[in-house]
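The primary structure of each chain is shown beneath.
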Amino acid sequence: MSGGGGGGAPLVERLLDVIEDDILPLTEAGVARGNKIFGAAILQKSDRSLVLAEANNEIENPLWHGEVHALKRFHELPEAGRPDPKDCLFLATHEPCPLCLSAITWAGYDNFYYLFSHADSRDAFAIPHDLRILREVFGLEPGGYNARNAYWTSYAIPLLVAGIPSPERQRLQNRIDELTAKYRALSHRYQKSKAGNAIPLN
Ligand SMILES: [Zn+2]
């Protein structure tokens, strides 16, 4: 992280724990209500404790992507106990879409981490909108935004894992494979349910 260099195995382990233990249960409940599979969490940099986790809630409002919904909830916390975004890690299950890239920027984070890429969203999870919006609205091809810029540095968790020596690398890759299977199952549930929903880009 800016403030940490991306992090090694302990950070990756913690981020995968948060996805599995905190984001995934909220997402399972959200998908049962008709929402998409995307989620996010905010952690303190200092001790990697969870500030909050949230899931997509487009059934209520098409802007409540997992990341934006987490930011909304964060700013509903009492100001007194709320950490400075500069002292936080931002975690997204999926590479943030153009809306969420901007939201993370405007909300003052200097980093974000994600598990699945835009291409995964399109190819594995049948959500092509991120890449389509980047191309149609911004004229950007896949990978065309600045993954490191004056505001933040972004980290793809699988790339962090690839840089970790074995046997830790293989163990963490196995965890990613297990999470991928769980998200594929959730995606299947969402795709079966989405015909009846009112989400504009479902
Ligand atoms: Zn988004």
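Residues numbered from 1 in each chain as written. Predicted model: local features only at pLDDT ≥ 70, side-chain atom pairs only at ≥ 80, totals over all residues. Heavy atoms only, no water.

Participant: If you had to explain the packing of aromatic side chains to someone new, which residues and values would you point to?
Facilitator: The final tally for this structure, using the stated rule, is eight aromatic pairs. Between Phe 112 and Tyr 114 the ring centres are 6.1 Å apart and the planes differ by 40 degrees, which places this aromatic pair in the tilted class. Judged on exposure class, the residue Phe 112 and its partner Tyr 114 are both buried. An aromatic cluster is defined as three or more aromatic residues linked by ring pairs; in this entry it consists of Phe 112, Tyr 114, Tyr 145 and Trp 152. (Phe/Tyr/Trp six-rings, centres within 6.5 Å; stacked < 30°, edge-to-face > 60°. Buried < 20%, exposed > 50% of the residue type's maximum accessible area, 1.4 Å probe, protein only.)

Participant: Give me the coordination of the zinc ion: which residues, what numbers.
Facilitator: Looking at the metal site, the zinc ion is ligated by His 65 (ND1), Cys 97 (SG) and Cys 100 (SG), spaced 2.1 to 2.3 Å from it. Of the residues examined, Cys 100 reaches a relative accessible area of 0% and is grouped as buried. (Donors = N, O, S within 2.8 Å, 3.2 Å for Na, K, Ca; no water.)

Participant: Tell me about the packing of helix 1 (residues 9-32) against helix 7 (residues 168-193), and name the residues and values.
Facilitator: The N-to-C vectors of helix 1 and helix 7 enclose an angle of 10 degrees; their axes lie 11 Å apart at closest approach. Judged by the angle between their axes, helix 1 and helix 7 are roughly parallel. Helix 1 and helix 7 meet at a crossing whose hand is left-handed. Grouping the constituent residues of the contact of helix 1 with helix 7 by class yields 14 nonpolar, one polar and nine charged. (Axes fitted to C-alpha atoms, helices over the stretch in contact; angles between N-to-C directions. Helix = DSSP H or I, 4+ residues; strand = E, 2+ residues; numbered from the N terminus. Parallel < 35°, antiparallel > 145°, perpendicular 65-115°, else oblique. Left-handed = near helix turned anticlockwise from the far one by under 90°. Nonpolar A, V, L, I, M, F, W, Y, C, P; charged D, E, K, R; others polar.)

Participant: Describe in detail the sheet that holds strand 2 (residues 50-55), supporting the description with residues and values.
Facilitator: Here five strands make up an open sheet; going across it, the order is 2-1-3-4-5 and the pairing mixed. Two strands lie at the open edges of the sheet, namely strand 2 and strand 5 (153-156), each paired on one side alone. Here the average twist between neighbouring strands, direction ignored, is 15 degrees. Here five bridges tie strand 1 (residues 39-44) to strand 2, and the two strands are oriented antiparallel to one another. For Gly 39, the partnering residue across the bridge sits in strand 2 and is Ala 55. The strands touched by helix 7 are strand 3 (88-94) and strand 4 (111-116); relative to strand 4, the strand with the most contacts, the crossing angle is about 75 degrees. (Pairing = 2+ DSSP bridges. Contact = heavy atoms within 4.5 Å.)

Participant: Please provide a residue-by-residue account of the packing of helix 2 (residues 66-74) against helix 3 (residues 98-106), values included.
Facilitator: Direction vectors running N to C along helix 2 and helix 3 enclose 30 degrees, while the axes themselves pass 8 Å from each other. Taken together, helix 2 and helix 3 sit at an angle that is classed as roughly parallel. In the crossing of helix 2 with helix 3, the sense of the turn from one axis to the other is left-handed. Facing Glu 67, Val 68 and Leu 71 of helix 2, the residues of helix 3 in contact are Leu 99, Cys 100, Ala 103 and Ile 104. Here the residues of the contact of helix 2 with helix 3 are counted per class, giving six nonpolar, no polar and one charged.

In short, the description is geometric, and any link to function would need to be established separately.
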